[in-house]
Amino acid sequence: MTTAPRSHPTPARHRPWPLCRQCSGVALDLGSVRTRAWIAGRGLILDVPTVTSPATGAVHPVRRGAIVDTPAAAVMLQDLLARRLSRIGSPLVIVATPVLDGVAFRSEVRTALEVLRPRTVLTVPAARAVAAVAGVDLSYPLLVVDIGAHLTEVVLLTDGSVADARRTMLGTSDLTDTASHTQITDAVVGMVTTMVRQDRTSLTLEALRRGVLLAGGGALRPEITYGLSGRLHAPVRPAPAPHTAAVRGAATLLEAAHSHPSTTGAVRTVLHLN
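**A closer look at the overall build of the protein**
- Check the secondary structure of the protein and you find eight helices and 13 strands.
- Scored against the burial criterion, the 274 residues of the protein give a buried share of 54%.
- Across the protein, the fraction of contacts at a sequence separation of at least 24, relative to all contacts at a separation of at least 6, is 67%.
- With an accessible surface of roughly 12,100 Å², the protein has 53% of that area assigned to carbon and sulfur atoms.

**Brief notes about unusual backbone geometry**
- Its identity as a non-glycine residue notwithstanding, R64 has a phi of 50°, on the positive side.
- By the secondary structure assignment, R64 is in the loop between β5 (62-63) and β6 (66-67).
- The phi torsion at R117 lies on the positive side, around 50°, for a residue other than glycine.
- Mapped onto the elements, R117 comes out in the loop between α2 (102-113) and β8 (120-125).

**A few points about the packing of helix α1 (residues 70-81) against α2**
- The contact between α1 and α2 brings their axes to 8 Å, and the two run at 50°. By the angle class used here, α1 and α2 are oblique. Between α1 and α2 the crossing geometry is right-handed. Within the contact between the two elements, α1 uses T70, A73, A74 and L77 and α2 uses E108, T111, A112 and L113.

**Here's the deal with the pairing of strand β11 (residues 161-168)**
- Of all eight residues in β11, eight are buried; the element is thus mostly enclosed.
- Relative to β11, strand β10 (residues 152-158) runs antiparallel, the two being bridged by seven bridges. Counted as the bridge partner of T158 is S161 from β11.
- Turn length for the β10-β11 hairpin, with the two strands adjacent in sequence and antiparallel, is two residues, and the turn residue D159 shows positive phi of about 55°.

**Side note on α1**
- With twelve residues, α1 should reach 16 Å at 1.5 Å per residue; the first-to-last C-alpha distance of 16 Å fits that figure.
- Looking at the buried positions of α1, the neighbouring elements they touch are β2 (25-30), β3 (34-39), β4 (43-49), β6 and α2.
- N-cap assignment for α1: the residue whose side-chain oxygen lies 3.0 Å from the backbone N of A72 is D69.

**Some points on the side chain of T185**
- On the secondary structure map, T185 appears in helix α4 (residues 181-198).
- On the accessibility criterion, T185 (5% relative accessible area) is buried.
- Looking at T185, its side chain comes within polar contact range of the main-chain oxygen of H181, at 2.9 Å.
- Here T185 is in contact with I224, G227, L228 and R231, once residues within four sequence places are set aside.

**Notes on the pattern of salt bridges**
- Scanning the model with the defined rule gives six salt bridges in all.
- Salt-bridge contacts for D47 lead to R34; the nearest nitrogen and oxygen are separated by 3.0 Å. With D47 in strand β4 and R34 in strand β3, this pair connects stretches of sequence that are 13 residues apart.
- Take D47: its relative accessible area is 27%, and that puts it in the partly exposed class.
- Exposure remark for R34: the relative accessible area of 30% places this residue in the partly exposed category.
- A salt bridge links D47 to R36, with the shortest nitrogen-to-oxygen separation between them at 3.2 Å.

**Observations concerning the environment of I39**
- Secondary-structure assignment places I39 in strand β3.
- Measuring from C-alpha to C-alpha, the distance between I39 and G25 comes to 5.8 Å, with 14 residues separating the pair along the chain.

**Some remarks on helix α3 (residues 126-134)**
- Among the nine residues that make up α3, eight are buried, leaving the element largely enclosed by the rest of the structure.
- Listed in full, the buried residues belonging to α3 are A126, A127, R128, A129, V130, A131, V133 and A134.

**Considering the packing of α4 against helix α6 (residues 222-232)**
- Where α4 meets α6, the closest approach of the two axes is 10 Å, and the angle between their N-to-C directions is 40°. Taken together, the axes of α4 and α6 are oblique relative to one another. For the pair α4 and α6, the sense of crossing is right-handed. Where α4 approaches α6, its residues H181, I184, T185, D186, V188, V189 and V192 are matched on the opposing element by E223, I224, G227, L228, R231 and L232.
- Partitioned by chemical class, the residues of the contact of α4 with α6 number seven nonpolar, three polar and three charged.

Criteria and thresholds
Residues numbered from 1 in each chain as written. Predicted model: local features only at pLDDT ≥ 70, side-chain atom pairs only at ≥ 80, totals over all residues. Heavy atoms only, no water. Helix = DSSP H or I, 4+ residues; strand = E, 2+ residues; numbered from the N terminus. Buried < 20%, exposed > 50% of the residue type's maximum accessible area, 1.4 Å probe, protein only. Contact = heavy atoms within 4.5 Å. Areas by Shrake-Rupley, 256 points an atom, 1.4 Å probe, with all protein chains shown as cover. Axes fitted to C-alpha atoms, helices over the stretch in contact; angles between N-to-C directions. Parallel < 35°, antiparallel > 145°, perpendicular 65-115°, else oblique. Left-handed = near helix turned anticlockwise from the far one by under 90°. Pairing = 2+ DSSP bridges. Expected span 1.5 Å × (residues − 1). Polar contact = N/O pair within 3.5 Å; in protein donor to acceptor, adjacent residues only side chain to side chain. Salt bridge = Lys/Arg side-chain N within 4 Å of Asp/Glu carboxyl O. Nonpolar A, V, L, I, M, F, W, Y, C, P; charged D, E, K, R; others polar.

See below:
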């Protein structure tokens, strides 16, 4: 289990935001088990296994929230997306990424995406993308629990930025092997409890009292939702279509960048531009 240091929003003083209504755009969620992609003007077009084509030798390039084979990831993205993108201009790509170990993931995913010749690759913490699609009021602190196939993250957002985070290398794909839903529930409760105890402010407790936003495939399992609500003594609300919430949240930010110049500054502050 890993703890992220408290962090602050990336200052919005980097290169100009690439606003372009005519440019193609892609929102991407590159998960350990599933890869999901949303293309501007076409919606969600891909929800497929994260694996290279068997014809080239099946390889799983992402494991437990980390890109472990960047060339294989590039081959997969080329096969999945290149023919679906407009040949006019270069795409703006926004990728939902894990909160912890995000620096390494961002570096590897940018390298892999070079095969698409993107205009710009920007990344957003998956928890922030989930909050965006859920329409949550981020002027209040928010706890997001993202239970994926191989990785579970608990993230505290304050003013829309990551203030604290925990994770465990445990997810829904482990349920039939080494873990039961009770073990995932126990892990999440333990992480939240630690966050509350170590928080020198009241923000984590305030967020918990307001309720937990649940995302990922684990949010589709009622036993996990009910278990968390009972153990945390707090409301637990699954995000709409929680298994695709991260990519749709990234798509929401992508649409804002393309269509609403007045929101450019607000969108830019939650994205990693370096």
